[in-house]
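Now for the letters of each chain:
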Amino acid sequence: MARQQPPPWVHTAFLFCLLSLSEAIEIPMDLSQPPTITKQSVKDHIVDPRDNILIECEAKGNPAPSFHWTRNSRFFNIAKDPRVSMRRRSGTLVIDFRSGGRPEEYEGEYQCFARNKFGTALSNRIRLQVSKSPLWPKENLDPVVVQEGAPLTLQCNPPPGLPSPVIFWMSSSMEPITQDKRVSQGHNGDLYFSNVMLQDMQTDYSCNARFHFTHTIQQKNPFNLKVLTNHPYNDSSLRNHPDMYSARGVAERTPSFMYPQGTASSQMVLRGMDLLLECIASGVPTPDIAWYKKGGDLPSDKAKFENFNKALRITNVSEEDSGEYFCLASNKMGSIRHTISVRVKAAPYWLDEPKNLILAPGEDGRLVCRANGNPKPTVQWMVNGEPLQSAPPNPNREVAGDTIIFRDTQISSRAVYQCNTSNEHGYLLANAFVSVLDVPPRMLSPRNQLIRVILYNRTRLDCPFFGSPIPTLRWFKNGQGSNLDGGNYHVYENGSLEIKMIRKEDQGIYTCVATNILGKAENQVRLEVKDPTRIYRMPEDQVARRGTTVQLECRVKHDPSLKLTVYWLKDDEPLYIGNRMKKEEDSLTIFGVAERDQGSYTCVASTELDRDLAKAYLTVLGRPDRPRDLELTDLAERSVRLTWIPGDDNNSPITDYVVQFEEDQFQPGVWHDHSKFPGSVNSAVLQLSPYVNYQFRVIAINEVGSSHPSLPSERYRTSGAPPESNPSDVKGEGTRKNNMEITWTPMNATSAFGPNLRYIVKWRRRETRETWNNVTVWGSRYVVGQTPVYVPYEIRVQAENDFGKGPEPDTVIGYSGEDLPSAPRRFRVRQPNLETINLEWDHPEHPNGILIGYTLKYVAFNGTKVGKQIVENFSPNQTKFTMQRADPVSRYRFSLSARTQVGSGEAVTEESPAPPNEAYTNNQADIATQGWFIGLMCAVALLVLTLLIVCFIKRSRGGKYPVREKKDVPLGPEDPKEEDGSFDYSDEDNKPLQGSQTSLDGTIKQQESDDSLVDYGEGGEGQFNEDGSFIGQYTVKKDKEETEGNESSEATSPVNAIYSLA
């Protein structure tokens, strides 16, 4: 944030007829006066031959002057030439060529004369020249043959144009010639090669001249170079070699000067012009140029270096810039220097230019004409265009060198005097008239002006007047008699009153009075004092990131009687308020800040009398500019040094550089990250891989983001070698049940190390002694067919190129394709109580792949009613599941299958058992509580007990059926699980006794014959002897999976016992 100091004119009052304090008093145009030249053409007047010629000459005087011209010091008779005319009320010449004629015929030196009865004024001598654009002579140029490393100068020799043409070099196809410290154009237009390289043959060289007036470009026939070399191949890898010249067989040489030649030279320059010194040297390596001044330092404020330090320019030369300068050309072989002696000469320049002299009759005066130059100029006086020596004598006039003294001047002394001062480098011509008048004082400005000024400012009140003799002027305030001069007031010679610091009490009416012997004149000025315009809340410097919003404040106080205008400048130029900006009364808002918004913002608060400025700088943090001028050096088989020039960091320091590379074999046009370096470096050694044609670029990074990539470097190819690694991510996976697809991540360009990269793929069954199968593959996959389902294989993939094989690869285990798994084993359904059902199973005997889980589907059913199917998915490690029953009556049908990635395999199906008898008892609880039912059941129980006793007695005696002699099987086998109330059920366990049917309510219904002894056993068979007797085999059938721990038996039922005894 800064309050910018307003320029001096900002707070000054708006004054009418404002005159310079040192300006001479001029005669009002209504009074008689000699001529004065007001406008004329430049001394060296070059014109375009396609246009009419205009030579200007204008003058004022009373009476109005007449004009005539001389050409080459002889009277130029305009009336005799129909092409030449003079503008009305002017002396300007117009030469018209529309009707023909050659402009060159009018070249020469012209001078204008403006005359009235009081004298004659002269213009400068105007040298008229017609611009020339001569054609380049046609010539056939032989090829320029030069040895590599030798110096060379291609001469331009442009045709002599007027003015001199601008010279530049291009190829014949209009491509500019790249210039550097080795190849550059001299000030004379020639093209200098400090040493020629083979690459210089890649183009031709044509000198071009651009002419100013015709705006045309002429092209010289091109030069063709033929470079003789000991190294005929233009290998890009050698171009930036640290010892490039010796690598190409070029002998190194000490510097020598191509321009100027020798060890010393001299140069002359005119004062006020630019001094241009030039030194161009040859040598191998290319020399560096440095400049010095003998006995002192170079003028830092005026000196600057051009053309890769080969030229030194000193602007606006003065006498103290003369002396000895020398340039030093050096390379590692040595150094030489050239001394240039500079002499500063000067065309005449004014020390005291003569001014118009206004005298009253009888007054004395003088004209002074004083000039300097090198050599010292001579002074010649003329009067009315004639040498003073040949003018009529005037006793009141005395010439004393550069001064003319007038005494007791009379009206007859009126004339125009010319002072001509000249030396060999130029001339100066000045007109000054002597006017003798008798005029009482008069005021030249309007009367009763209102002047408004700002408090505390310095202000000047002007009171233009005229009179002869020159009147004296005095100032008064508010009609008071004291003269205002001294203290806070100062009166200048021309009558202006300066008030050094305006105060409120200075407001009032000021009167100026001009007096001479012939009378007096006065004028009044009313002065009003206004409060200053001030910015009391100024914009502050800000730092913003790109895309954010910034607000700059600017609050202003001003005099309410003045109209205020507030506007903004950016970088001291008017700010265009686009759609991203919003200007309000006291602020400026910038939305979506961009890099182009960075700069200084100046708030300008102005009225018609003053203004105030406040400046703030907006710094935009942007992404860095791209690095440039990438160069490869220190070239080796496996490394290279990359150097770059950082771009602008755009106010956010560069934190990192990312070096990327591109190769043109595997992925041309695709850039890969190579390495990352700190933002403080601009040179790094890069490790390289064999057999890669590298190209590099650099990206700069700061906190805002990344720069655009630099332009790519030249290419550098490394030599080949066998691979040092093998492909990664080797896998063997089946895509079908009878194959295995071997895949890997292919190696990139930096790991190929040589041409024709390929892969040797080997495989065999794991844990067998089979020989390795192998095949050579150029891609990144291979499919092995006719494989067993989900069998492990050992796999190896080895890289190979034309230089050899890579290292022995690691062995990777892969598997052939998967298939559907077999059904889970030993699927068991258990019901420990009326609320839950437990399921257990074992893994499939043949998983045929990697199990990814189990799927259980089950549905409740009750007779013909079937519920909604429920699906449960389990992890591959889960082999148990507990289900909560929805009700104690319904049964459940379960279907369980295993899954691989191929899908679900064969399912095993089981059903839950019928609910146990306790369920029936519970369902009939309301009957069992009745007394009659209890008595009935007691009688039945007694009857059954009696029958059992009889049965056991008969068996103990053998009876008719010697069953125990055949097999000693207990009548009712004990099931240990009956004791804890649990029941195991399998497929066969769940089958009811033959001759009975299990209902949904758990009761047993009688079917067929009630006296069948076969029904007593579970699936037992009845057999008859030959005599017709029946042998009943009473056995209890075991579950077919009893050996696996699943025991199941049907509880002994009294009803069954009754059936067996029937």
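### As for the overall build of the protein
Regarding its fold elements, the protein presents 8 helices and 84 strands. Expressed as a percentage of the 1062 residues in the protein, the buried residues total 43%. Here the contacts in the protein between residues at least 6 apart in sequence split such that 65% fall between residues at least 24 apart. Total accessible area on the protein stands at roughly 56,500 Å², and carbon and sulfur atoms take up 49% of it.

### What to know about the sheet that holds strand 58 (residues 639-645)
As summarised here, the arrangement of the 3 strands in space is 57-58-61, forming an open sheet in which the pairing is antiparallel. Strand pairing shows two members of the sheet lacking a second neighbour, strand 57 (628-633) and strand 61 (683-687), which therefore form its edges. Shown here is a sheet whose adjacent strand axes are inclined to one another by a mean of 25°, direction ignored. Pairing between strand 58 and strand 61: 5 bridges, direction antiparallel. Note that in strand 61 the partner of Arg641 across the bridge is Val685.

### So, the sheet that holds strand 52 (residues 573-574)
With respect to topology, 5 strands assemble into an open sheet ordered 48-56-55-51-52, the strand pairing being mixed. Each edge of the open sheet is held by one strand with a lone partner, namely strand 48 (542-545) and strand 52. In terms of strand pairing, strand 55 (residues 599-606) meets strand 56 (residues 611-621) through 8 bridges, oriented antiparallel. When the bridges of strand 56 are listed, Ser600 appears paired with Tyr617.

### Quick word on a nonpolar patch on the surface
On the surface, a nonpolar cluster with roughly 410 Å² of combined accessible area is contributed by Trp932, Leu936, Met937 and Val940. By secondary structure assignment, the location of Val940 is in helix 6 (residues 931-956). The class for Val940 is partly exposed, based on a relative accessible area of 38%.

### Side note on unusual backbone geometry
Omega for the peptide link from Asn62 to Pro63 comes to 5°, which places this bond in the cis form. You can see Pro63 is positioned in the loop between strand 4 (57-62) and strand 5 (66-71). Residue Pro260 is bonded to the preceding Tyr259 through a cis peptide linkage, with omega at -15°. Checked against the element boundaries, Pro260 lands in the loop between strand 20 (253-259) and strand 21 (264-270).

### Some thoughts on the packing of aromatic side chains
Overall, the coordinates contain 18 aromatic pairs when judged by the stated rule. Judged by centre distance (5.3 Å) and plane angle (5°), the rings of Tyr694 and Phe696 are stacked. Each residue in the set Trp841, Tyr854, Phe874 and Phe881 is aromatic and connected to the rest through ring pairs, giving one cluster. Over the face of the ring belonging to Phe326 we find Arg337, whose NZ or CZ atom lies 4.1 Å from the ring centre.

### Overview of the state of the cysteines
All told, the structure shown has 6 disulfides when counted by the stated rule. Put simply, Cys279 and Cys327 are joined by a disulfide, and their sulfur atoms are 1.9 Å apart. Across the S-S bond linking Cys279 and Cys327, the dihedral sits near -70°, which makes this disulfide left-handed. Taken together, the positions of Cys279 in the loop between strand 22 (275-278) and strand 23 (280-284) and Cys327 in strand 27 (residues 323-331) put the pair 48 residues apart, joining distant regions of the chain. Overall, Cys327 belongs to the buried group, its relative accessible area being 0%. Here Cys463 connects covalently by a disulfide to Cys512, the sulfurs 1.9 Å from one another. Across the disulfide from Cys463 to Cys512, rotation about the S-S bond amounts to roughly 60°, and the bridge is consequently right-handed. Taken together, the positions of Cys463 in the loop between strand 40 (459-461) and strand 41 (465-468) and Cys512 in strand 45 (residues 508-516) put the pair 49 residues apart, joining distant regions of the chain. Each member of the pair, Cys463 as well as Cys512, is classed as buried.

### Quick look at the confidence of the model for the protein
Scored by pLDDT, the protein comes out at a mean of 85, with 85% of its residues at no less than 70. Under a pLDDT of 50 for its full length, residues 5-23 has, in the predicted model, 40 contacts with residues more than four places off or in other chains. For residues 959-1062, every residue scores under 50 in pLDDT, and the model assigns this stretch 109 contacts once sequence neighbours within four places are set aside.

### Details of the side chain of Ser816
Mapping Ser816 onto the fold places it in the loop between strand 71 (812-815) and strand 72 (825-830). By relative accessible area, Ser816 is classed as buried at 1%. In this structure the side chain of Ser816 is engaged in a polar contact, spanning 2.6 Å, whose partner is the backbone oxygen of Pro788. Here the side chain of Ser816 touches Tyr790 through a polar contact of 3.0 Å, landing on its backbone nitrogen.

### As for the pattern of salt bridges
Tallied over the full model, the rule gives 47 salt bridges. A salt bridge links Arg102 to Glu104; the nearest nitrogen and oxygen atoms lie 3.8 Å apart. By relative accessible area, Arg102 is classed as partly exposed at 48%. Glu104 gets classed as partly exposed once you look at its relative accessible area, which sits at 30%. As a salt-bridge pair, Arg537 and Glu553 come within 3.8 Å of each other at their nearest N and O atoms. In this pair, Arg537 is assigned in strand 47 (residues 534-537) and Glu553 in strand 49 (residues 550-553), connecting sequence segments 16 residues apart. Arg537 gets classed as partly exposed once you look at its relative accessible area, which sits at 37%. Given the relative accessible area of 27%, Glu553 is considered partly exposed. Via salt bridges that share partners, Arg537, Glu553, Arg555 and Asp586 belong to a single interconnected network.

### A closer look at the pairing of strand 2 (residues 44-47)
A one-sided burial pattern is seen for strand 2, the buried positions being His45 and Val47 and the unburied ones Asp44 and Ile46. Both strand 2 and strand 11 (residues 126-130) contribute to a ladder of 4 bridges, which runs parallel. Looking at strand 11, one finds that Ile46 is bridged to Gln129.

### Quick notes on the nonpolar core
Ile53, Ile55, Trp69, Leu93, Tyr106 and Tyr110 are the most contacted members of the largest nonpolar core, which totals 30 residues. Listed by contribution, the elements that provide at least two residues to this core are strand 3 (53-55), strand 4, strand 5, strand 8 (93-95), strand 9 (108-116) and strand 11. Apart from the residues within four sequence positions on either side, Ile55 is in contact with Ser41, His45, Trp69, Gly91, Thr92, Leu93, Tyr110, Ile126 and Leu128. In this structure, Val453, Leu473, Val491 and Ile499 belong to the second largest nonpolar core, which totals 22 residues.

About the criteria used
- Residues numbered from 1 in each chain as written.
- Predicted model: local features only at pLDDT ≥ 70, side-chain atom pairs only at ≥ 80, totals over all residues.
- Heavy atoms only, no water.
- Helix = DSSP H or I, 4+ residues; strand = E, 2+ residues; numbered from the N terminus.
- Buried < 20%, exposed > 50% of the residue type's maximum accessible area, 1.4 Å probe, protein only.
- Contact = heavy atoms within 4.5 Å.
- Areas by Shrake-Rupley, 256 points an atom, 1.4 Å probe, with all protein chains shown as cover.
- Pairing = 2+ DSSP bridges.
- Axes fitted to C-alpha atoms, helices over the stretch in contact; angles between N-to-C directions.
- Patch = residues over 30% accessible without salt bridge, like charges linked within 9 Å, V, L, I, M, F, W, Y side chains within 5 Å.
- Salt bridge = Lys/Arg side-chain N within 4 Å of Asp/Glu carboxyl O.
- Phe/Tyr/Trp six-rings, centres within 6.5 Å; stacked < 30°, edge-to-face > 60°.
- Lys NZ or Arg CZ within 6 Å of the ring centre and 35° of its normal.
- Disulfide = S-S within 2.5 Å.
- pLDDT = per-residue confidence, 0-100.
- Polar contact = N/O pair within 3.5 Å; in protein donor to acceptor, adjacent residues only side chain to side chain.
- Core = buried A, V, L, I, M, F, W, Y, C linked by side-chain atoms within 4.5 Å.

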